[in-house]
Amino acid sequence: MAASLNRKVFCDYHEGMFASESSSKLNANIPQDRVAREAVTFHESGHAVMQYALGLGCSGITLLVTKVRRDWKELTYCSGMSASDEALDQRVRAEIEHGRLNDSVIAHGVATAAGPAAERKYYLLNGLPFRMLGATRYDRNSIDSADMKLASTGRRRFAYRRLVWRRAQLTLENETMWNAVEELAAALNNYWPTGKRLGEETGTMQGAVAQAIMRKAGVFPGFLRAFPLSIASEQYCPPR
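Quick caveat, the model's predicted, so the values are computed rather than measured. (Residues numbered from 1 in each chain as written. Predicted model: local features only at pLDDT ≥ 70, side-chain atom pairs only at ≥ 80, totals over all residues. Heavy atoms only, no water.)

Chemist: Account for the pairing of strand S1 (residues 60-70), naming residues and giving values.
Modeler: Sheet topology note: the S1/strand S2 (residues 73-83) ladder contains 11 bridges and is antiparallel. Looking at S2, one finds that Thr66 is bridged to Tyr77. Counting the residues between successive antiparallel strands, the hairpin from S1 to S2 contains two residues, one of them, Asp71, with a positive phi of roughly 50°. Bridge analysis of S1 against strand S3 (residues 199-206) gives eight bridges, and the strand direction is antiparallel. Paired with Thr66 across the bridge in S3 is Glu200. (Pairing = 2+ DSSP bridges. Helix = DSSP H or I, 4+ residues; strand = E, 2+ residues; numbered from the N terminus.)

Chemist: Describe the packing of aromatic side chains, with residues and values.
Modeler: Per the counting criterion, the structure on display carries five aromatic pairs. Seen in terms of ring centroids, Phe42 and Trp178 are 5.7 Å apart; in terms of plane orientation they differ by 35°. Their pairing is tilted. Placement of Phe42 in helix H2 (residues 32-53) and of Trp178 in helix H7 (residues 175-188) is noted, with a sequence separation of 136 residues between them. Assigned by exposure class, Phe42 and Trp178 land together as buried. On the basis of an interplanar angle of 90° and a centroid distance of 5.6 Å, the ring pair of Phe220 and Phe223 is categorised as edge-to-face. Exposure remark for Phe220: the relative accessible area of 42% places this residue in the partly exposed category. What makes Phe223 partly exposed here is its relative accessible area of 24%. Ring-pair connections join several aromatic residues into one group, and the members of that group are Phe42, Tyr122, Tyr123, Phe130 and Trp178. Residue placement shows Arg140 over the ring face of Phe18; its charged tip is 4.4 Å from the ring centre. (Phe/Tyr/Trp six-rings, centres within 6.5 Å; stacked < 30°, edge-to-face > 60°. Buried < 20%, exposed > 50% of the residue type's maximum accessible area, 1.4 Å probe, protein only. Lys NZ or Arg CZ within 6 Å of the ring centre and 35° of its normal.)

Here you go:
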């Protein structure tokens, strides 16, 4: 699959979410643990910046380091989580459960897709292999679950995921948005736990800190309010 991967800026949902190139393509001069951590910080920053810009809030970003021992070897895994406003998130999920398509539901999907889209762009800009398969599992499940709920009420199957993935990629080409992602990712590097002991360690950037960084970079709640989400929903997800 690696030989046929699209190395251009834009790709389709399946190619973006499932891309998995060999680590042998990684430059020997770049530590793999550094790439793994930077990929996570860009992924979570993509979520956070998009959430904030679309009015979904940002209540904090958590970075996790998990160290396990297998076959007498110690293995370290890095991951993260960006939390939006909890009450708003619950309302949006209720809309999805009822199969309702509106601006909030589309915004939720775009913010979910923005994590993988930002991580992919990080790999692309730095000439690194795409290692998306494991990193996008939860995001794929969230988007695909919403897509199925919408399809159950008469929407076209897979239209939602195509829409939110394309919209996330396009929005991250906005200079202000991408600059905010870069600034937030750089700041997050100071929040990694040591990862020196077996088990799980966490480090959390509080929402107020993340919001201050995004505002300084020019992104604020409603920054993307002019996004034609309603128009897009009619164009890409028309009822059958």
